[in-house]
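# Breakdown of the fold
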Amino acid sequence: MWIKKAEITSFGKLKQQKFLFEANNQLVFGLNEAGKSTLYQFIQAMLFGFPTKKKKGADYSPTDGSGFGGKLTIVHSTLGEIQIERFKNKNKGKAQLRFADGTVGDEGRLVQLLYPLNINLFQDVFTFQQEQLQQLEQLQENKLHDALISLGLSGSNQLFTQKNQLQQQAETLYRPRGRKLPLNLALEKLEQLTEKIQQKEQQEKNFQELVVAADEAKKQVTHLSTTDQELRKKQVTLEQQRLNFDNYQELRQLQQTDLSLTSTPAEQTALQEYYQTYQQLMKEQEQLHQALQKFSGNQASARYYFYLENETKIKELLAQQLPVNRLMDEQSHNQQQLRETTDPFWQTNLPEPFENDTAVLNFLKPVKAVNQELQEYQIRLNLLTEQQQTAEEQLNAYEKKHPEVFKPKKKQPWGFLLAGVSVLAAVFLPSPVRFVFIAMALVAIIFAIKPKVASGNKETWQDRLNQLDLINEQLMTVKKQVAILAEQQSNLAANAQQELKRRNLSTELEEVRLLASNQKALQFLSQRQKQTNLKKRNQEINQQLVQLTAQFQFLTEWLPLQDKPIVAQFQQLNDFAQEMEQIRFAETYQENAVLQQRIHQNQKEQQLLLNQHQQLLKSSGLSYPAEINDYLAQQQKIMQQQQRLQDLSQTVAPLFPETVELTQINQQMIAVQRQLEETQLKLQQAQEKEQRLRIEIQQMQKDGTLDQLYQQQSQQQAVISDLLKEYAIAKIEGQLLQDIATELSQQQLPELVTKAAEYFQILTGKKACLDFYEGTLTVNQRSVYQLSTGTKDQLIMAFRFAYLAVESADPVGPIIIDDGWLHYDHQRKRQLAELLAKFSQKYQVICLSSDQEMVSYYQELHQTVWELKGA
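Summarised in this report is the structure supplied together with it. (Residues numbered from 1 in each chain as written. Predicted model: local features only at pLDDT ≥ 70, side-chain atom pairs only at ≥ 80, totals over all residues. Heavy atoms only, no water.)

Turning our attention to the environment of Gln582. Residue position: Gln582 is located in helix H18 (residues 566–588). Judged by relative accessible area, which is 6%, Gln582 ranks as buried. (Helix = DSSP H or I, 4+ residues; strand = E, 2+ residues; numbered from the N terminus. Buried < 20%, exposed > 50% of the residue type's maximum accessible area, 1.4 Å probe, protein only.)

By the criterion of burial, strand S5 (residues 80–87) is predominantly enclosed, with six of the eight residues buried. One ladder, built from eight bridges, connects strand S4 (residues 69–76) with S5; its direction is antiparallel. Counted as the bridge partner of Ile74 is Ile82 from S5. Remark: three residues form the turn of the hairpin made by S4 and S5, two consecutive strands paired antiparallel. (Pairing = 2+ DSSP bridges.)

Let us look at the packing of aromatic side chains. In this structure the tally under the stated criterion is 19 aromatic pairs. Through a chain of ring-to-ring contacts, three or more aromatic side chains come together here, namely Phe11, Phe42, Phe50, Tyr60 and Phe68. When the ring centre of Tyr377 is taken as origin, the NZ or CZ atom of Arg380, which lies over that ring, is 5.6 Å away. Above the face of the Phe354 ring, Arg503 is positioned so that its terminal group lies 4.1 Å from the ring centre. (Phe/Tyr/Trp six-rings, centres within 6.5 Å; stacked < 30°, edge-to-face > 60°. Lys NZ or Arg CZ within 6 Å of the ring centre and 35° of its normal.)

In this section: the pattern of salt bridges. Applying the stated rule across the entire model yields 25 salt bridges. Its salt-bridge partner being Arg644, residue Glu250 comes within 2.9 Å of it at the nearest N-O pair. Residue Glu250 is located in helix H8 (residues 245–256), and its partner Arg644 is located in helix H21 (residues 628–651); the two are separated by 394 residues in the primary sequence. Residue class for Glu250 comes out partly exposed when judged on its relative accessible area of 27%. Between Glu330 and Arg537 there is a salt bridge; the shortest N-O distance is 2.8 Å. Of this pair, Glu330 sits in helix H12 (residues 321–338) while Arg537 sits in helix H17 (residues 511–550), and the two are 207 residues apart along the sequence. Residue Glu330 is classed as partly exposed on the basis of its relative accessible area of 30%. Classification of Arg537 by relative accessible area gives partly exposed; the value is 25%. Among the ionic contacts, a cluster of salt bridges with common partners joins Lys71, Glu85, Lys90 and Arg98. (Salt bridge = Lys/Arg side-chain N within 4 Å of Asp/Glu carboxyl O.)

This part is about unusual backbone geometry. Positive phi, normally seen in glycine, also occurs at Lys92, with a value near 55 degrees. Considering the arrangement of structural elements, one finds Lys92 in the loop between S5 and strand S6 (96–99). Even without a glycine there, the phi angle at His862 is positive, about 60 degrees. When you line up the elements, His862 lands in the loop between helix H26 (852–860) and strand S14 (864–867). Residue class for His862 comes out exposed when judged on its relative accessible area of 73%.

Reported here for the largest pocket is a volume of approximately 2100 Å³. Taken together, 47 residues make up the lining of the largest pocket; nearest its centre are Gln272, Leu322, Asn325, Arg326 and Asp329. Sorting the residues of the lining of the largest pocket by element identifies H8, helix H9 (265–294), helix H11 (311–318), H12, H18 and H21 as the ones contributing at least two each. Looking at the lining of the largest pocket, the element that brings in the most residues is H21, giving 12 residues. Looking at the lining of the largest pocket residue by residue, the classes come out as 13 nonpolar, 20 polar and 14 charged. (1 Å grid on protein atoms, 1.4 Å probe; cavity = no way out; pocket = protein on both sides within 12 Å on 5 of 7 lines; lining within 4 Å. Points joined across faces, edges and corners; volume = space filled by probe spheres on them. Nonpolar A, V, L, I, M, F, W, Y, C, P; charged D, E, K, R; others polar.)

Put into structure tokens, the structure is as follows:
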């Protein structure tokens, strides 16, 4: 895309001006304040929209109220000239397009046409300004990687800005040495909870052993369940093999039979036609011989005149003899298939089987689920019953061992009496003895008021009683649940059996038997449908035969056709026609010589026909034409066997991947049934063991502390999981962007450096080798830090032009340079002019400058120069 014309109505200091641009290189010369930057801003506004007003930015709005905007004509590589019109106060500042063919477009269409060019790409890549030439002060390899891919993918540094944002987002969640970040805090809290749980678990006796044992029991249950399902599937497969074994034997017999055809359908048709012609010639020859022997005069009769009158009708009727024979053969084949027996069980009430095995399993799923749950509760009920008995025995034994806990003895007043007597005696006795009796009174009072220590503990008894109450409460709950589940099981089983009875299937809810019954019903319906189709076809054939029989009605007066099958009627009619033809021959050829000549001609025709079809007979393995009829019947039988083989290969062969006999199937069914019973017994035992272990674990957790810690741990793990997902997404996306950048830049960087060296040589006039040393760009093995400011500008400009050359096979926009040679001397300016002249062979270059020296170089290189004089 390149710019052809700019028509400015009013934009800044430029009003009512028109500018024409060349498709290649041009220098727009103008003194300061002539409007070069205004022209650049106009082009940018026409392409991408008017800039928003800024307090410190330039304002290009007109002060006289004239129309703010104008038109810009661009040339598209495929659509030709396109005029872009945009005014600030018109259509909300959105662009209106006019194409060369007269069609119009809107802002959305302009964005599509310019893609991938946007305002950022236009400013960062296709615009050269002095301050931009200092953006890459350190030309390091990794930064060139980043700059190359950033500009190549998004037109600016948006790619790496996004990467940095993702990195910052990840670091706000977690850092290896962080302490107050969300993920660090969550991990620390989880660690504390884990320590508390471990301490609590250590307090619980054998808790971990029970958990491990329960997990192992669960694994065993899972393994046995898988084995049980596999055995059930194998049992269903064996049952299907048993039901289809007769068809399997037929399949094996057909597979061992050579069913290859010795002729193609086209050859069979040719043989049929040849046989019919041959038969006609033989009949004609026979008629000629009979006419020669029997007739010597006019043998006309009423029957002959009847034949002459109806000759056309008779011949048309005889022409249908071959289709009738084919219909009779088809009817015979259909009758043979109809004689195949079907299960008499469903002859009166047709079954309604499920569509497939999956539907059967889904039908049994609720019943199996309730049975499984009921079985688990039965195990729990048995365990609780055992625990109840044990708790009652322990409580009774404790009560029997410590009866004083429940029936304490009454305290006797002997202590108080002894104390009273001692005090009374002390009153009347002298001092030394008085103190002895007072001490005895104190001792007696102490013994009287001191409770007797019982050997039993009432708190222990209360704990055991509470434990028994808890077990009884759990037992009542489980019994209620067992009753509910038993009722559900009964209702579901009754409903399921009622549904199976309605479908006329086996009412046994055992999975294997129901699958076998359903498979048998499906086969019965398939065979019944096939027989229905055969009966319908035979009815159609019978109708056709009846219609053909009605056509013989006009012959009943002359031929004995009454109560004869249609084949016999055709034979009778054929004999009648031959007889009449003999009469015709006799009347037509009364002289013996003529008849003999006709016979000789017939024999020649037979020999000629035989010679013509000799190769066909030989390729079909036939020696005489008389063998054709039996040969075609044999080929038809082989084709029917091939169709039967194809049907059996699709329906029966998948059931028998290996050769097997019926005795082997029966033996395998017995073995599988035995394995299934053993597996089910082991599965029941494993389930009971797991249930017992789980109940013991629940009882050890009855104080709720460990459960609460587990819940907190689960919640904390969920929090960490969410944080980890957010952290991982940010890290992976950032790493993905980095990997994309690295991969793509590694593909393009060598080509970029080569192009940059080529353009740098043009700018400097000296051969230069660009390379990287420890990640930093070098020029002729010199660091870029040792280059002058102007040489650095040239180096960066060379990389900018190299990028454009590498990235754009089809230029998406023009290159606009606004005095980008501040640090150039006169030699470097001329070399820049040469580079622009060369580069403009592919890109449109618009150079805006106030440098008179640059004008002379453009004129010297025969490049376009025009002056911008401003308002």
